[in-house]
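Architecture and fold: a report
Single-letter residue listing:
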Amino acid sequence: MTKLAWLLPLLALTLAGPVRGEPVDLRPELMQADRDFCTAVAAGGLAAWLDHLAPDAVRLPSLGSTTPVQGKAAIAASDRPLFADPTRRLLWEPTSAAAFADGRSGCTTGTYRYVQLDQAGAEVAVLGQGRYLTWWVLDASGHWRVLLDTGEADPAPAAHD
């Protein structure tokens, strides 16, 4: 084998850019990205929500809609009511994560609460709650972005006779 023969594959890998080696457990990284997303949105509202989305992000039906919403502008219009009242806050906590073999995408699931705050910012009521799924992609700058977000409200408690 000539020197050039072993150098070419090495050069090709170098030019291809960084590759996440195996095995890489991205679950803690995804869980932290999701927690950071929640913290940013709690502080920055709709602007922070949109900042964490991939340009081609999709939101599955929410707020009574039956049609998926795609792209930041459409998601901003759809989700604006969720963030319009400063005494209400969307909060969530991831409970699990999974990573795809490509090392550049994965998902988190968890629980969410939409809460009412008092004048001091303390939570006084839960207006809605449920479970969610967020699909993440790693962008060219190394930041995790939301590609798909969806949630399902918990069923209403059964009435007691």
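Now for a description of the structure that goes with this document. The structure displayed is predicted, hence computed values, not measured ones.

Helices and strands together make up the secondary structure of the protein, namely three helices and six strands. Mapped in sequence order, the helices and strands of the protein form the string α-α-β-β-α-β-β-β-β. Counting across all 161 residues of the protein, residues that qualify as buried make up 35%. Counted over contacts in the protein with a minimum sequence separation of 6, partners at least 24 positions apart contribute 50%. Surface summary for the protein: the accessible area is close to 9900 Å², and the carbon and sulfur share equals 62%.

One open sheet holds the six strands; their spatial order is β2-β1-β6-β5-β4-β3, and the pairing between them is mixed. The outermost strands of the open sheet, each flanked by one partner alone, are β2 (69-70) and β3 (88-99). Where strand β1 (residues 53-59) lies against β2, two bridges are found, and the strand directions are antiparallel. Residue valine 58 lies in a different strand from β2, and its bridge partner there is glutamine 70. This element, helix α2 (residues 27-51), spans β1, β3, β4 (105-117), β5 (123-138) and β6 (144-153) of the sheet and lies at about 155° to β3. Packed on one face of the sheet, helix α3 (residues 72-83) meets β1, β2, β3 and β4 and runs near 55° to β1.

Note on placement: threonine 95 falls in strand β3. The sequence separation of threonine 95 and threonine 109 amounts to 14 residues, and the corresponding C-alpha distance is 5.9 Å. When residues no more than four places from it in sequence are discounted, the contact partners of threonine 95 are Met31, Thr109, Gly110 and Arg131.

What counts and how
- Residues numbered from 1 in each chain as written.
- Predicted model: local features only at pLDDT ≥ 70, side-chain atom pairs only at ≥ 80, totals over all residues.
- Heavy atoms only, no water.
- Helix = DSSP H or I, 4+ residues; strand = E, 2+ residues; numbered from the N terminus.
- Buried < 20%, exposed > 50% of the residue type's maximum accessible area, 1.4 Å probe, protein only.
- Contact = heavy atoms within 4.5 Å.
- Areas by Shrake-Rupley, 256 points an atom, 1.4 Å probe, with all protein chains shown as cover.
- Pairing = 2+ DSSP bridges.
- Axes fitted to C-alpha atoms, helices over the stretch in contact; angles between N-to-C directions.

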